[in-house]
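The primary structure of each chain is shown beneath.
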Amino acid sequence: MQRHKARNPSSRHMLDMAHRLSCLLAGGTDPLAFLRTILQDALALTNSGGGAVLLLERNLRLLRPLVHVGDVGIAETDIRTDAPPWSTAVWGGKATDAPSTAAPLPQGEAPLVLPLLVRGDVIGVLTLHGGVQLPSPRRRFLEILVNLAAHTLHQETQARALAQQRAEAATLIDVGQDISASLNLDEVLQRVVRQAAQLMRAKVCSLMLVDAHHATLRLHATYGASQTYTQRPPLSIEESLVGDVVRRGEPLAVLDVREHPQYQFLEMARQEGLCSLLSVPLRMHTRVLGVLNVYTAERRRFPPAEVEFLSALAAQSAIAIEHARLYQAMLESQERLRQSERLAAMGSTAAALAHEIRSPLQTMKLLVYAIQQDCPPQSPLRMETDVLQQELDRLALLVEQCLEVARPRPPTFTVQKLHDIMEDAFLIISAEAQRRGIVLRKHWSPTLPALQIDGAQMKQVFLNILLNALQAMESGGAIDVSIEADDTTMTTTVQDQGEGIPEAVLGQLFTPFLSTKPQGTGLGLSISHGMIEGHGGSIRVASQFGVGTSVTIVLPLSTPVL
């Protein structure tokens, strides 16, 4: 490239330079154009062949070329600041020495590197290539030019930061409107990860919500992820890397998850090409709902501005998630209210009908019994009356269950041991379990404390659940029953190895007359639910189709206030 013509500016020329620069400043010139003018004057002052102004990216430890003039080999290249002469200027805040000759230098080297300082902090450098040693007056004038360049560069970076903040604010408003445009929770979560991935230029974005009951983080939405990633199991909040974000409520940045000892899916990260991670909490007031994660394909140090931006997006997302949850809860509450009204009407009708059926049913049972007494044991009529008697007993049980649903009996509390009641239930079903090839396994301590319960009602609850488990296991297997106590509650879990319950049915298990069994009445779990609520406890069912079903009953150790 053509070198600048060597010249030796006089004091008058330096005064002209200063006047021209002051006029440009007063006229409000473009910062980049003004930096280029300063650079041209510095080249003329030092008889250099080329030069550049580079902006410091402190968090990346890089110098990024901003403007250049003349023969410069660094015009398009970011420069690491870890070695001289760059480290001397950037981290030491000192100018490098200029050479005594104007001999050309290898491409990319900068013989004279001048730090651009603002309030004692280096924000960039001015480099001059192929210059000469300067006498004192011109050296001082060069310092003036460097100070002007530092001031101009500071203004430019401030203007860029302000423009970036405005753009981010506008983006957050747009994203917030997009996220809040739906009250469907799944749709809200999918919009969040899509927007986060696009705005952060991420390879993969995922959103995980806290499952407080199991103390885990469960994956609920992803963008850009493969099936390998989406099929990961839930993460323990106490033991996982992103669980730390929930515990502390603070963002977490990892330069390379593939080298982090606490990251649990190292092989998956290598296969998927996941490298840097930024995880921020989805915070609602003082409560953390989950985490928002972005992964990049290359090493990336997330600057504070990006962390703040993703945190702001996460805060907006948390509000949208909470609104969607509240809306879903409102719909479910309205549905429960409608169901309660229907059940109340049905209960009144069922109670009246059951009372009307009771008397003729009892008469029929007595007549069948009388016929049975008159028939020889081997008579065909005796066999038919036996079947009739069984069906009448089943009809009588249905009537009693209808009355139980319509007018549930309040519990009568006495001090009893729950595991003793479970032992009685085991004795009742043990013959049926043996016939089906099912093993009953007990997991509890004989020293468990006693509690205030209605023993008859609890035995009925246990029998309903155990019989359901037996009937769900056509090919044998095992039923595991565990009873545990803490300071305030006692928890009973019945786990079978049956076929499981379809997702469509799982949410309606406690609805009266809903049954998946051909001979079932659909009242057992509904009655059990009412009895457990009468004890101030709770009952929940979890099932995995093809694996089995787990029923968990939690009772308070103290007597509930009714």
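If you're wondering where the values come from, they're calculated on a predicted model, not measured in any experiment. (Residues numbered from 1 in each chain as written. Predicted model: local features only at pLDDT ≥ 70, side-chain atom pairs only at ≥ 80, totals over all residues. Heavy atoms only, no water.)

**Thoughts on the overall build of the protein**
Part 1 of the argument: A count of helices and strands for the protein gives 14 helices and 18 strands.
Part 2 of the argument: In the structure as shown, the protein presents an accessible area of about 29600 Å², 54% of it carried by carbon and sulfur atoms. (Helix = DSSP H or I, 4+ residues; strand = E, 2+ residues; numbered from the N terminus. Areas by Shrake-Rupley, 256 points an atom, 1.4 Å probe, with all protein chains shown as cover.)

**Some thoughts on a nonpolar patch on the surface**
Part 1 of the argument: Nonpolar side chains collect at one region of the surface, where Tyr-327, Met-330 and Leu-331 lie side by side and expose about 230 Å² of accessible area between them.
Part 2 of the argument: For Tyr-327, a relative accessible area of 33% translates into the label partly exposed. (Patch = residues over 30% accessible without salt bridge, like charges linked within 9 Å, V, L, I, M, F, W, Y side chains within 5 Å. Salt bridge = Lys/Arg side-chain N within 4 Å of Asp/Glu carboxyl O. Buried < 20%, exposed > 50% of the residue type's maximum accessible area, 1.4 Å probe, protein only.)

**Side note on the nonpolar core**
General note: in soluble globular proteins, nonpolar side chains tend to be found buried as a group.
Part 1 of the argument: With 37 residues, the main nonpolar core has Leu-418, Phe-462, Leu-466 and Ile-479 as its most contacted residues.
Part 2 of the argument: Of all the elements in the fold, those that place two or more residues in this core are helix 11 (418–436), strand 14 (451–453), helix 12 (455–472), strand 15 (477–485), strand 16 (489–495), helix 14 (524–534), strand 17 (538–544) and strand 18 (548–556).
Part 3 of the argument: Top contributing element to this core by residue count: helix 12, with eight residues.
Part 4 of the argument: The next biggest cluster of nonpolar side chains, apart from the first, holds 31 residues, and it includes Leu-66, Val-118, Leu-128 and Ala-149. (Core = buried A, V, L, I, M, F, W, Y, C linked by side-chain atoms within 4.5 Å.)

**Thoughts on the sheet that holds strand 3 (residues 79–80)**
Part 1 of the argument: Read across the sheet, five strands follow the order 3-2-1-5-4 without closing on themselves; strand pairing throughout is antiparallel. What marks the edges here is a single partner per strand, and that holds for strand 3 and strand 4 (112–118).
Part 2 of the argument: Along the sheet face, helix 2 (residues 31–46) touches strand 1 (50–57), strand 2 (62–70) and strand 5 (121–129) and points at about 65 degrees away from the line of strand 2. (Pairing = 2+ DSSP bridges. Contact = heavy atoms within 4.5 Å. Axes fitted to C-alpha atoms, helices over the stretch in contact; angles between N-to-C directions.)

**Overview of the packing of helix 11 against helix 12**
Part 1 of the argument: It is the contact of helix 11 with helix 12, at a shortest axis distance of 9 Å, that shows an interaxial angle of 30 degrees. Between helix 11 and helix 12, the crossing angle belongs to the class labelled roughly parallel. In this structure, helix 11 crosses over helix 12, and the sense of that crossing is right-handed. Residues Leu-418, Ile-421, Met-422, Asp-424, Ala-425, Phe-426, Ile-428, Ile-429, Glu-432, Ala-433 and Arg-436 of helix 11 form the contact with helix 12, whose participating residues are Gly-455, Met-458, Lys-459, Phe-462, Leu-463, Leu-466, Leu-467, Leu-470 and Gln-471.
Part 2 of the argument: Tallied by class, the residues present in the contact of helix 11 with helix 12 amount to 14 nonpolar, two polar and four charged. (Parallel < 35°, antiparallel > 145°, perpendicular 65-115°, else oblique. Left-handed = near helix turned anticlockwise from the far one by under 90°. Nonpolar A, V, L, I, M, F, W, Y, C, P; charged D, E, K, R; others polar.)

**Quick notes on the pairing of strand 17**
Remark: a regular strand shows side chains that alternate across the two faces of the sheet.
Part 1 of the argument: Side chains Ile-539, Val-541 and Ser-543 project from strand 17 onto a buried face, and the interleaved Ser-538, Arg-540, Ala-542 and Gln-544 project onto a face without burial.
Part 2 of the argument: The sheet contact formed by strand 17 and strand 18 spans seven bridges and is antiparallel. Bridge pairing in strand 18 places Ala-542 opposite Ser-550.

**Here we look at the environment of Gly-500**
Part 1 of the argument: Within the secondary structure, Gly-500 sits in the loop between strand 16 and helix 13 (503–506).
Part 2 of the argument: With 49 residues separating them along the chain, Gly-500 and Thr-549 place their C-alpha atoms 5.3 Å apart.
Part 3 of the argument: In contact with Gly-500, not counting residues within four places along its chain, are Ser-543, Gln-544, Phe-545, Gly-546, Gly-548 and Thr-549.

**Some details on empty space enclosed by the protein**
Part 1 of the argument: Per the stated rule, a full pass over the model turns up three cavities of 30 Å³ or more.
Part 2 of the argument: In this structure, the largest cavity encloses a volume near 80 Å³.
Part 3 of the argument: Looking at the largest cavity, it is lined by 13 residues, and the ones nearest its centre are Arg-232, Leu-235, Val-242, Tyr-263 and Tyr-295.
Part 4 of the argument: Classifying every residue of the lining of the largest cavity by side-chain character gives eight nonpolar, four polar and one charged. (1 Å grid on protein atoms, 1.4 Å probe; cavity = no way out; pocket = protein on both sides within 12 Å on 5 of 7 lines; lining within 4 Å. Points joined across faces, edges and corners; volume = space filled by probe spheres on them.)

**Observations regarding the pattern of salt bridges**
Part 1 of the argument: Applying the stated criterion across every chain yields a total of 18 salt bridges.
Part 2 of the argument: Close ionic contact of Asp-211 with Arg-218 constitutes a salt bridge, the shortest N to O distance being 2.9 Å.
Part 3 of the argument: Its relative accessible area of 17% is what places Asp-211 among the buried residues.
Part 4 of the argument: The exposure class of Arg-218 is partly exposed, given its relative accessible area of 32%.
Part 5 of the argument: Among the salt bridges present, the one from Glu-432 reaches Arg-436, with a minimum N-O distance of 2.7 Å. With Glu-432 and Arg-436 both in helix 11, this residue pair falls four residues apart, about one helical turn.
Part 6 of the argument: Its relative accessible area of 26% is what places Arg-436 among the partly exposed residues.
Part 7 of the argument: One continuous salt-bridge network, built from bridges that share partners, spans Asp-256, Arg-258, Glu-259 and Arg-299.

**Description of helix 11**
Part 1 of the argument: Along its 19 residues, helix 11 runs 26 Å from first to last C-alpha, staying within 8% of the 27 Å computed at 1.5 Å per residue.
Part 2 of the argument: Turning to helix 11, its buried residues number three or more, namely Leu-418, His-419, Ile-421, Met-422, Ala-425, Phe-426, Ile-429 and Ala-433.
Part 3 of the argument: Directly beyond the C-terminal end of helix 11, a positive phi value near 75 degrees is found at Gly-437. (Expected span 1.5 Å × (residues − 1).)

**Overview of the sheet that holds strand 10 (residues 277–284)**
Part 1 of the argument: Read across the open sheet, the six strands follow the order 8-7-6-11-10-9; overall the sheet is antiparallel. Two strands bound the open sheet, and with one partner strand each, they are strand 8 (235–236) and strand 9 (252–254).
Part 2 of the argument: Strand direction decides the pairing type here: strand 10 and strand 11 (residues 287–295), joined by eight bridges, are antiparallel. Paired with Leu-277 across the strands is Tyr-295, a residue of strand 11.

**Some thoughts on the confidence of the model for the protein**
Part 1 of the argument: Confidence in the prediction for the protein averages 80 pLDDT; 80% of positions are at 70 or higher.
Part 2 of the argument: Throughout residues 1–7 the model reports pLDDT below 50, and contacts reaching past four residues in sequence, or to other chains, amount to 15 contacts.
Part 3 of the argument: Confidence drops under pLDDT 50 across residues 98–110; counting only partners more than four residues distant or on other chains, this segment forms 27 contacts. (pLDDT = per-residue confidence, 0-100.)

**A word on the environment of Ile-371**
Part 1 of the argument: By the element assignment, Ile-371 lies in helix 9 (residues 304–374).
Part 2 of the argument: Under the relative-accessibility criterion, Ile-371 is labelled partly exposed at 39%.
Part 3 of the argument: Between the C-alpha atom of Ile-371 and that of Arg-382, which follows or precedes it by eleven residues, the distance is 8.0 Å.
Part 4 of the argument: Leaving out residues up to four positions away in the same chain, Ile-371 has contacts with Leu-381 and Thr-385.

**Looking at unusual backbone geometry**
Part 1 of the argument: In the segment running from Pro-84 into Pro-85, the intervening peptide bond is cis, with an omega of 0 degrees.
Part 2 of the argument: Mapped onto the elements, Pro-85 comes out in the loop between strand 3 and helix 3 (86–90).
Part 3 of the argument: The backbone of Asn-47 sits at a positive phi, close to 60 degrees, despite the residue not being glycine.
Part 4 of the argument: Within the secondary structure, Asn-47 is located in the loop between helix 2 and strand 1.
Part 5 of the argument: A positive phi angle, near 55 degrees, is found at Arg-119, a position not held by glycine.
Part 6 of the argument: For Arg-119, the position within the fold is in the loop between strand 4 and strand 5.
Part 7 of the argument: Looking at Arg-119, the relative accessible area reads 75%, which means it is exposed.

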